[in-house]
Structures are given as C-alpha cells and as structure tokens.
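Overview (structure and organization)
For reference, the chains in residue letters:
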Amino acid sequence: MVSAMDKKLDEKFMRTALAEARLAAGEGEVPVGCVIAEGDRIIGRAHNQRETLNDPTAHAEIIAITQAAEALSSWRLEDTTIYVTLEPCAMCAGAIVLARIPRLVFGAADPKAGACGSLFDIVRDGRLNHRCTVDDGVLADECGALLTEFFQERREERNGN
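Residues numbered from 1 in each chain as written. Predicted model: local features only at pLDDT ≥ 70, side-chain atom pairs only at ≥ 80, totals over all residues. Heavy atoms only, no water.

A word on the sheet that holds strand β4 (residues 103-108). Sheet architecture is open: five strands sit in the order β2-β1-β3-β4-β5, paired in mixed fashion. The sheet terminates laterally at β2 (41-47) and β5 (133-136), the two strands that pair on one side only. Going across the sheet, the axis of each strand differs from the next one's by a mean of 15°, ignoring polarity. Of the pairings in the sheet, the one linking β4 to β5 comprises four bridges and is parallel in character. Across the sheet, Leu-104 pairs through a bridge with Val-134, a residue of β5. Contacts from helix α1 (residues 4-26) reach β1 (33-38), β2, β3 (81-86) and β4 within the one sheet, and its direction differs from that of β2 by about 30°. Along the sheet face, helix α3 (residues 60-72) touches β1, β2 and β3 and points at about 150° away from the line of β2. (Pairing = 2+ DSSP bridges. Helix = DSSP H or I, 4+ residues; strand = E, 2+ residues; numbered from the N terminus. Axes fitted to C-alpha atoms, helices over the stretch in contact; angles between N-to-C directions. Contact = heavy atoms within 4.5 Å.)

Okay, the nonpolar core next. Formed by 42 residues in total, the largest nonpolar core has its most connected members in Ile-36, Ile-65, Ile-82, Leu-104 and Val-123. Elements with a contribution of two residues or more to this core: α1, β1, β2, α3, β3, α4 (90-98), β4 and α5 (140-158). (Core = buried A, V, L, I, M, F, W, Y, C linked by side-chain atoms within 4.5 Å. Buried < 20%, exposed > 50% of the residue type's maximum accessible area, 1.4 Å probe, protein only.)

We now examine the environment of Ile-62. Along the chain, the position of Ile-62 falls in helix α3. The spacing of Ile-62 and Cys-132 is 70 residues in sequence and 17 Å in space, taken between C-alpha atoms. Ignoring any residue separated from it by four or fewer positions in sequence, one finds Ile-62 in contact with Thr-57, Met-91, Cys-92 and Ala-95.

One pass over the full model with this rule turns up nine salt bridges. Of the charged contacts in the structure, one is a salt bridge between Arg-154 and Glu-153, with a shortest N-O distance of 4.0 Å. Look at Glu-153 and you get partly exposed, because its relative accessible area is 35%. Connected through shared salt-bridge partners, Asp-10, Arg-103 and Asp-135 make up one network. (Salt bridge = Lys/Arg side-chain N within 4 Å of Asp/Glu carboxyl O.)

See below:
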C-alpha cells in the first residue's frame, strides 16, 4: 500500500515526466516522458526521441535508464523508481527488468502495446530473475489526454484540417 507521502512524491515525479512528454510533443515525438528517482532525487529524465535520432530504441525509458546508470556508475538501479507517462512496451519492460529497477509507476495504460499488465506482464513475470512492483494510473487522465490530443492533431494534419 502506498502511503500519502509516497503518493505525493509519485505525483510530483509523474508531473516531471509529463513535462518531459510535453517536450517530446513539441519536437513532434510521441509524447512519452520518463523520470528515474533514487529516493527524492532525480537521476534520469528523458522523453521519446525516435524521430529526432532516427533510432527505434530511443524511447524515454531507455534514455532515462542510461542516464541513471551513468549517475550511479552502475547498471544495477536497485534503489530506484521509474516513472513513465505511458505503460512501457516490451522493449522497455525488458530494460526495466535488466536494470533491476524494483518499482515502476506509470500513468496511462497502453492496450495496444503495453507490456506491464495490458498485453504482457514482463516486469512481474515469475520466470525471470528479477521482477518489480507496479503502481499504475498515477495522473492517468492527464497522461492519456496528452497522448489523445497529440494523435488527434496528427490525424487532423493528415486530413488537411
């Protein structure tokens, strides 16, 4: 059970992840943002950069995990929490497991590609050597609205509206 203090901290970090997602939208990227915290300190923060970098692996989570590992001088992110505005995909869920991140907090569920409870549940799969706890739905309405608005604008642009 998440305490009131933890809930406030979760919302604070998710708002920072939302700010990253807005940066992505401003760059024409799918608006997903990510923050990795150790305690109350941010050690990694990023947004999607697939279009910018022409890199299919340049998801917010992957970039933030790399930053956090550099900040801690270790690939083992054992005392951290990862905050993501959208449920991670299979690639990112795998990276969370490999980085030994013990806790995932995400905003909006992703019924089409989510790998942390929607389509798959990689981060809690008992067959793997590491699992993490998942708290979902944190600021879900805001996270979902940002994505909905982004894709609606893209459809309107394609239709010439």
